[in-house]
Amino acid sequence: MRILEFLGICVVALLALLFVIFFRRRLLMAGGGTIRLQVRVSTIVPGRGWSTGIGQFVGDELRFHRMFSLAFRPKRVLDRMVLVVEERRAPDGPERLTMPSHWSVLRCSNGDAGEIEIAMAESTVTGFLSWLEAGPPGQPGSIAPRPTIRPRPADH
């Protein structure tokens, strides 16, 4: 009888845990301004180390919350004022197994925090880049630095 009670308690605890994870996800998505994305949290093995989650746009920040986590705080916070997209590419190697084929991988510079790789759907990349460029004028957050085109001096 004690084994059945123990199993019952474990099942109820597991269901409660799943409910909390589902509720947390719904709570994050209810506020709007969320996207599905993956962030590379480990670069030890090439092509591996991706963590699935939800990105939440809050002001000048993109907050990354892991999908299967109980934490209400974001795992990573990307600040639009210092974030620069340096490279955009398709998933390759083992990455093709962990993310859909219509996703893009963005290698970004995050100011003093170093480099970070994020992956999202092509349609989401368009919105993300628009959000990134929509920062206040004169701020460093942008897509890869573009060469300055200067007019040639007039020949007399």
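See the structure shown above.
Residues numbered from 1 in each chain as written. Predicted model: local features only at pLDDT ≥ 70, side-chain atom pairs only at ≥ 80, totals over all residues. Heavy atoms only, no water.

Caption draft 1: Main features of the pattern of salt bridges. Taken as a whole, this structure holds 11 salt bridges when the rule is applied. Two residues, Glu-86 and Arg-107, come together in a salt bridge whose shortest N-O distance is 2.8 Å. One end of the pair, Glu-86, is in strand 5 (residues 83–89); the other, Arg-107, is in strand 6 (residues 103–110), and 21 residues separate them in sequence. A residue is classified by how much of its surface remains accessible, and Glu-86, at 35% relative accessible area, is partly exposed. Classification of Arg-107 by relative accessible area gives partly exposed; the value is 23%. With a shortest N-O distance of 2.7 Å, Arg-88 and Glu-122 are connected by a salt bridge. Of the two residues, Arg-88 sits in strand 5 while Glu-122 sits in helix 3 (residues 122–133), which places them 34 residues apart along the sequence. Since its relative accessible area comes to 44%, Arg-88 is described here as partly exposed. Shared partners join several salt bridges into a network, and the residues in it are Arg-40, Arg-89, Asp-92, Glu-95 and Glu-117. (Salt bridge = Lys/Arg side-chain N within 4 Å of Asp/Glu carboxyl O. Helix = DSSP H or I, 4+ residues; strand = E, 2+ residues; numbered from the N terminus. Buried < 20%, exposed > 50% of the residue type's maximum accessible area, 1.4 Å probe, protein only.)

Caption draft 2: Structural view of helix 3. Taking 1.5 Å of rise per residue, 12 residues should cover 16 Å, and helix 3 covers 17 Å from first to last C-alpha, within 8% of that figure. Buried within helix 3 are the following residues: Thr-124, Val-125, Phe-128, Leu-129, Trp-131 and Leu-132. The buried residues of helix 3 all sit within an arc of 155° when viewed along its axis, so they share a single face. Residues of helix 3 that are exposed and point more than 90 degrees away from the buried face comprise Ser-123 and Thr-126. (Expected span 1.5 Å × (residues − 1). Arc of directions from axis to C-beta.)

Caption draft 3: Main features of the nonpolar core. Ranked by internal contacts, the top residues of the largest apolar core, which has 18 residues, are Leu-37, Val-85, Leu-106, Cys-108, Ile-118, Met-120 and Phe-128. Only strand 1 (34–40), strand 3 (61–66), strand 5, strand 6, strand 7 (115–121) and helix 3 provide two or more residues apiece to this core. Sort the elements by how many residues they give to this core and helix 3 lands first, with five residues. Aside from chain neighbours lying at most four places away, what touches Cys-108 is Leu-83, Val-84, Val-85, Glu-86, Gly-114, Glu-115, Ile-116 and Ile-118. (Core = buried A, V, L, I, M, F, W, Y, C linked by side-chain atoms within 4.5 Å. Contact = heavy atoms within 4.5 Å.)

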